[in-house]
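Coordinates in review
Here is what each chain is made of, one letter per residue.
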Amino acid sequence: MKIRIQHDKHGFRMTNHTMNKKDFPIFKKNPGLVYLDNAATSLKPKCVIDAVNDYFSNYSANVHRGIYDLSAKATSSYEGSRETVREFINAASTKEVIFTHGATEAINMVALSWGVQNLKSGDEVILTISEHHSNLVPWQLVAKKTNCAIRFVDIDDNGVLNLAQLSKLLSRRTKIVALPHVSNALGTINPIKTMIQKAHAVGIKVLVDAAQSAPHLPIDMQQLDCDFLAFSGHKMCGPTGIGVLYAKERILENMQPIFGGGDMISEVYTTHSKWNSLPWKFEAGTPAIAEAIGLGEAIKYLKKIGMDEIKKHDAELLEFAIKRLQKIPGVKLFGPLDPKIQSGILSFNIDGIHPHDVAEILNGENIAVRAGHHCCMPLMQRLEISATVRASFYLYNDERDVEKLAHGIKKAIEIFNFSH
Ligand code: 7TS
């Protein structure tokens, strides 16, 4: 789908994405909503809500069991979504696509299965200082179990990773590098391809936390060649409670499941069990069927627009937002402030006003942003701040939303100047 550019009566740029606000029922109930918390979770288009409803209303049977028609339909929709995900990330096979509850569970699975099996005292895991806690705490749990050490690649004051330091940290002790594709607090797009190549050149595995990139950027497993990739459905127009762990087939073949139960076995005896084939070996129990079907529908929706178009839209809107907020005295912006290396996330603070107060005043203007440490406490410690206000954009946001944000910020400044 090509982006049509039009301007509204105030001269703000509208794309067919923003005109497609009509795809998202939440705007019908709340037409003035300025939703800028997409890094936390995205809104859901009607087609996704309908797909979930359709499953519950018309064929809500369990998967992989029944011979009867309803179960066969549920199974083919569930497995059809797996193929949709495979194609979306260009994985070699659906054996490499494991449904999880989200990015957090996917990373925990790698840490607690691959990590516990492969790490020992003296080994090192390399992370970045800008990790979401979901890609830090699981490795701390593994470090406790295995006695391995965790090392951190630093950033500069603009949130850009220190690649030279990564090269220095990589050693015979390093077993895995785990890093975010896009920082959820600063929006920095990390040069993961280069980092993967550096790590692979010395035989080190790489996990990419794609929670903030899968919704916004094209992702291709054949091109990137990472060993593990994790992302969540709910940040990319899909339902909550569903996510994906991608891993290379030969790695998964050697990994032990961490959850046991129905569906993940082929044979069970009183003394031992044999595992099911991939990917089901890692999907114990009844899966999130409706949610997986909803995720498949969300991916179809995104693909109809085109991931390249979404990337372009987000970059243009971010550039507009940076320029607009830079004009407001007292506003300090964080991150690279360059849409080429920053995805649709803009963190800022206002002199003398606590981020939570800013978010509350913006809420009064029907503008939803997040204030806090964004589950990145070590990053906040590195930047010597306790919190930021974060505006995060997606395909239904437009320049008018940014303009309303700018007005809301000015209002916050006025209120605080008046009351002090
Ligand atoms: N990794 C990154 C980079 C994230 O941004 C998040 C969630 C996760 C992992 C975990 O995803 P989950 O779906 O399993 O929870 N990030 C955010 C956020 O920035 N605000 O709320 C959730």
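Starting afresh in each chain, residues are numbered from 1 along the sequence in its written order. This being a predicted model, a pLDDT of at least 70 is required before a residue's local features are given, and a value of 80 or more before pairs of side-chain atoms are given or counted; all residues contribute to the totals for chains, interfaces and linings. Side-chain numbers come from the whole structure's heavy atoms, not from hydrogens or water.

1. Quick look at the domain arrangement of the chain
Size of an interface, as often reported, equals the accessible area lost when the parts are brought together. Domain boundaries shown here were taken from an automatic or database domain assignment. Split into domains, the chain comes out as domain 1 (5-31 + 306-419) and domain 2 (49-304). A straight line from the C-alpha centre of domain 1 to that of domain 2 covers 29 Å. When checking whether two residues touch, look at their non-hydrogen atoms; a contact exists if any pair is within 4.5 Å. Contacts between the two partners involve 33 residues from domain 1 and, on the opposite side, 35 residues from domain 2. By buried area we mean how much accessible surface two parts lose on assembly, using a 1.4 Å probe and totalling the loss over both. Summed over both partners, the interface of domain 1 with domain 2 comes to about 2700 Å²; 63% of that surface belongs to carbon and sulfur atoms. It is M307, R382 and Y394 in domain 1 that bury the most area against domain 2; as a group they hold 23% of the surface buried on that side. What makes a salt bridge here is a side-chain nitrogen of Lys or Arg within 4 Å of a carboxyl oxygen of Asp or Glu, nothing more. Taken together, the links from domain 1 to domain 2 amount to 2 salt bridges. Put simply, R382 and D157 hold a salt bridge, and the shortest N to O gap is 3.3 Å.

2. Brief notes about the pairing of strand β7 (residues 174-180)
Only protein chains enter the calculation, and the probe is 1.4 Å; a residue is then buried if its accessible area is under 20% of its type maximum, exposed if over 50%, and partly exposed in between. Only runs of H or I of at least four residues qualify as helices and only runs of E of at least two qualify as strands under DSSP, and these elements are numbered from the N terminus. Burial analysis of β7 places 6 of its 7 residues in the buried class, which makes it a mostly covered element. Sheet topology places strand β5 (residues 124-128) next to β7; 3 bridges connect them, and they run parallel. Across the sheet, I126 pairs through a bridge with V177, a residue of β7. Across 5 bridges, the pairing between β7 and strand β8 (residues 205-209) is parallel. Looking at the pairing, I176 lines up with K205 of β8. A pair of strands counts as paired when DSSP detects no fewer than two bridges linking them.

3. Section: the sheet that holds β7
On the basis of which strands lie adjacent, the open sheet formed by 7 strands has the order β4-β10-β9-β8-β7-β5-β6 and mixed pairing. Unpaired on one side and paired on the other, β4 (97-100) and β6 (149-153) mark the two borders of the sheet. Taken pair by pair, the neighbouring strands of this sheet meet at an average axis angle of 20°, ignoring direction. Together, β4, β9 (228-232) and β10 (243-247) form the strand contacts of helix α4 (residues 69-89), whose direction differs from that of β4 by roughly 115°. To get an axis, fit a line to the C-alpha atoms, keeping to the stretch in contact for a helix; angles then go from 0 to 180 degrees between the N-to-C directions.

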